[in-house]
Amino acid sequence: MNEILYSILIGSCITLSGLILTLNLNKEQEKIISKQKKF
Amino acid sequence: MNIYLWGVITSILIYLLVGFYAGRKVKNVEDYYVSGRNASTFLITGTMFASMLSINGFMGDTAYAYSGYITSIVLINTICASGYVIGPLFFGRFIRRAKVNTMPSYFFKRFNSIRIKRFAGVVTVISLSAYFLSVIKGTSILMQSLTGFNETIALLLSWGCIMIFTLYSGSKGVILTDTIMCIFFLSVTIVAGSYVFNSTGGVSNLVTNLVNNPLAPDGMLSYKGIDNNSLFYAITMGIIWMITVSVSPWQAGRNLMAKNEHVIFRSGVLTALITVLFLFYLYLIAISIIQINPNMQKPEEVIIWAAYKAMPEIVGMLLLTGIMAAGLSSASTFLSVVSFSISSDILDIKFKNEKKQLNFTRIVLFIFSIIILIIAHYNILSIRVLAWFASTIIAASWGYVAFASVWSKKLTERGAYYAMISGFLTFIIARFLKEYFDIPLENFLHPFFIATFVSILSGILGSQNQIKTKEEIKFQIFLHILPKKESNILDYKKDKIFAWIIIISGIIISILLINYWAFAYEDAINLKLSMKS
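Since the model is a prediction, treat every value here as computed from it, not as a measurement.

1. What about the overall build of chain A?
1) Next: Check the secondary structure of chain A and you find one helix and zero strands.
2) Next: Over its C-alpha atoms, taken along the principal directions, chain A stretches across nearly 55 × 10 × 5 Å.
3) Next: For chain A, the proportion of its 39 residues judged to be buried stands at 31%.

Here it is in structure tokens:
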């Protein structure tokens, strides 16, 4: 059981960093699109 | 001449040729310091990983895995790897936006302070000189065993190779040779691993074989390894290294060379993936050796032993030359970063033209490399003391200042200066207390965390009753303005593909580990218990 949790912990470190990157990229992309719409 | 000597000489000649090719393209200071700020995702990934993985990764970390701590070292690397993804978002991209040549120059621009630039330069020089020294020593010891040359000639050969191409081509040559070396040691290790797995009963049977091997460290494949405190240790060390790769000049500083900010994001993702997957593969090789050679007296030589004994001679030669390349690539990065900091940040002489500045930097680089050669030859500094200063001390000194320089509205020049000095000194004092008075500074009381805490406190207190100057405020606002060139929606879409690759990779890694490690381990333990009873 502990080994299963450890496996999830290892994978989730990577996944979490990818999610943080995606969320930030999405936010920036939306900002750029809304700016472009204004002009 | 033996096959190993041929391998060493051929590889050195290739690196020198590549260095000369790149050196011909150096036209100005920007080319020399930051490779003209036009490096691709491929080159930034190559130089980032090659600078990170030195001989220590092939010897120290594999020894740790072999001795029963593979689960800890895998977790440390995984947490560290996420720094390559998160670091660029919150710091790496902003230093590129500042268009500086060194990281201390970034702090100078951000805080409009010469004293901060000088101190950051001194920290860079002290820390990376220690790292450079230990890597060049390791490389020459390996070269000595490969070629049969005596210690002095092996050291001279290592020094000469690194110094010549770095001196002539600067960062343009370093990132190209780093990438070639990276591809070389990645590919030969993958090929060499297949021979080791074949000769040790196959990687698919590794868990069962090790559980049933009475000579393997007891419990080494359980989640906590052979030490009950290893989980906590792995988490804290992982966090330390995650911050280190996010803010250190020999890692985050590579972002100064990137063509644009999208390159920074993408190379961060690729470096993170290589860190996790390649190092995991390397550790599997190390623990497989337990099947054919348990209880090695010098576990740090496990991969070298495998190169001589567990694969064909030609593959072994290539693997050892690859390990040497890992050392040379890190050393060339350290040499260039330190020399640039001495000439640009500490001495900071104003030149009439770029040609004079370029020549001066080359002279500084040469003199510095001579000093390191003398220290290495006469063993003036012990490895134990070197370890105090190498690597993580930079992050302890300016980790907080780096992130706060971008995101804090309150941190002033004085606060940043106090934070850097106190972080640096606290780290040294805490290491001293730990080493000489056996004070148990472990886990979250690790000197790194104590130093970071003191650094933050000093930053907050130092900023009291002081307001930011107009220049500081103006520059911080500028940092947050996305350059027009970077705001192409298509680039963001491509970045997100990379982000999704790493998200999915994490899920796949978990599934594979659960299937091939957690379940296999449980089955093997149950089988062992039922056979006993």
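2. Some thoughts on the overall build of chain B
1) Next: Scanning chain B from N- to C-terminus turns up 19 helices and zero strands.
2) Next: Against the 2.2 N^0.38 benchmark of 24 Å for 533 residues, chain B shows a C-alpha radius of gyration of 23 Å, consistent with a compact globule.
3) Next: With the C-alpha coordinates of chain B rotated into their principal frame, the extents come out at 75 × 55 × 55 Å.
4) Next: Within chain B, the fraction of its 533 residues that count as buried is 56%.

3. Regarding the interface of chain A and chain B
1) Next: With 25 residues of chain A at the contact, the number on the chain B side is 34 residues.
2) Next: Class assignment for the residues of the side of chain A that touches chain B results in 13 nonpolar, 10 polar and two charged.

4. Focus on unusual backbone geometry
All names here are of chain B.
1) Next: Not every positive phi belongs to a glycine, and Arg 37 is a case in point at roughly 50°.
2) Next: If you trace the backbone, Arg 37 turns up in the loop between helix H2 (29-34) and helix H3 (41-52).
3) Next: Located in the positive-phi region is Asp 438, a residue other than glycine, with phi close to 50°.
4) Next: Inspection of the secondary structure assignment puts Asp 438 in the loop between helix H16 (413-437) and helix H17 (447-463).

5. Topic: helix H4 (residues 55-97) of chain B
An α-helix turns once every 3.6 residues. As a result, residues three or four positions apart point the same way.
Residue and element names in this part refer to chain B.
1) Next: Taking 1.5 Å as the rise per residue, H4 with 43 residues should run 63 Å; its terminal C-alpha atoms sit only 33 Å apart, a clear shortfall.
2) Next: Tyr 69 marks the point of greatest bend in H4, at about 135°.
3) Next: Burial of H4 is extensive: 38 of the 43 residues sit out of reach of the surface.

6. Digging into helix H9 (residues 230-247) of chain B
All names here are of chain B.
1) Next: Here H9 contains 18 residues, and its C-alpha end-to-end distance of 26 Å stays within 8% of the 26 Å for a straight helix at 1.5 Å per residue.
2) Next: Inspection of H9 places Ser 230, Ala 234, Met 237, Gly 238, Ile 240, Trp 241, Met 242, Ile 243, Thr 244, Val 245, Ser 246 and Val 247 among the buried residues, and these make up the whole buried set.
3) Next: Buried-residue contacts for H9 involve H4, helix H15 (392-407) and H17.

7. Quick look at the nonpolar core
Residues and elements named next belong to chain B.
1) Next: In this structure, Phe 132, Ala 286, Ile 303, Ile 323, Phe 334 and Met 420 are the most contacted members of the largest nonpolar core, which totals 186 residues.
2) Next: At 22 residues, the largest contribution of residues to this core is made by H4.
3) Next: Excluding its chain neighbours within four sequence positions, the residues that come into contact with Phe 132 are Ala 331, Phe 334, Leu 335, Val 338 and Ile 372.

8. Some remarks on the packing of H16 of chain B against H17 of chain B
All names here are of chain B.
1) Next: Direction vectors running N to C along H16 and H17 enclose 155°, while the axes themselves pass 7 Å from each other. Here H16 lies roughly antiparallel to H17, going by the angle between them. Once H16 is placed against H17, the crossing between them reads as right-handed.
2) Next: When its residues are assigned to classes, the contact of H16 with H17 shows 12 nonpolar, 10 polar and three charged.

9. A look at the confidence of the model for chain B
1) Next: The predicted model of chain B has a mean per-residue pLDDT of 91, with 98% of residues at 70 or higher.
2) Next: By mean pLDDT, helix H14 (residues 383-389) of chain B is the weakest element of chain B at 68, and helix H10 (residues 261-288) of chain B is the strongest at 96.

10. Quick word on the environment of Leu 221 of chain B
All names here are of chain B.
1) Next: Counting through the fold element by element, Leu 221 comes out in the loop between helix H8 (206-211) and H9.
2) Next: Among the residues examined, Leu 221 registers 24 C-beta atoms within 10 Å and is labelled buried.
3) Next: Remark: the alpha-carbon pair of Leu 221 and Ile 287, spanning 66 residues in sequence, is separated by 10.0 Å.
4) Next: Among all residues touching Leu 221, those that are not within four sequence positions of it are Val 207, Leu 210, Val 211 and Tyr 521.

11. So, the environment of Leu 5 of chain B
1) Next: Relative to the assigned elements, Leu 5 of chain B resides in helix H1 (residues 3-23).
2) Next: Between the alpha carbons of Leu 5 of chain B and Thr 147 of chain B there is a distance of 4.7 Å; along the sequence they are 142 residues apart.

12. Here we look at the packing of H15 of chain B against H17 of chain B
All names here are of chain B.
1) Next: Closest axis-to-axis distance for the H15/H17 pair is 9 Å, and the angle between their directions is 35°. Crossing geometry of H15 relative to H17 is assigned as right-handed. Between H15 and H17, the residues in contact are Thr 392, Ala 396, Gly 399, Tyr 400, Val 401 and Ala 404 and Phe 448, Ala 451, Thr 452, Ser 455, Ile 456 and Gly 459, respectively.
2) Next: Residues belonging to the contact of H15 with H17 are distributed by class as follows: seven nonpolar, five polar and no charged.

What counts, and at which threshold
- Residues numbered from 1 in each chain as written.
- Chains lettered and ligands numbered in written order.
- Predicted model: local features only at pLDDT ≥ 70, side-chain atom pairs only at ≥ 80, totals over all residues.
- Helix = DSSP H or I, 4+ residues; strand = E, 2+ residues; numbered from the N terminus.
- Buried ≥ 20, exposed ≤ 12 C-beta atoms within 10 Å, placed from the backbone.
- Rg over C-alpha atoms; globule rule 2.2 N^0.38 Å.
- Contact = placed C-beta atoms within 7 Å.
- Nonpolar A, V, L, I, M, F, W, Y, C, P; charged D, E, K, R; others polar.
- Expected span 1.5 Å × (residues − 1).
- Bend = angle between axes of the 7 residues up to and from the residue.
- Core = buried A, V, L, I, M, F, W, Y, C linked by C-beta atoms within 7 Å.
- Axes fitted to C-alpha atoms, helices over the stretch in contact; angles between N-to-C directions.
- Parallel < 35°, antiparallel > 145°, perpendicular 65-115°, else oblique.
- Left-handed = near helix turned anticlockwise from the far one by under 90°.
- pLDDT = per-residue confidence, 0-100.

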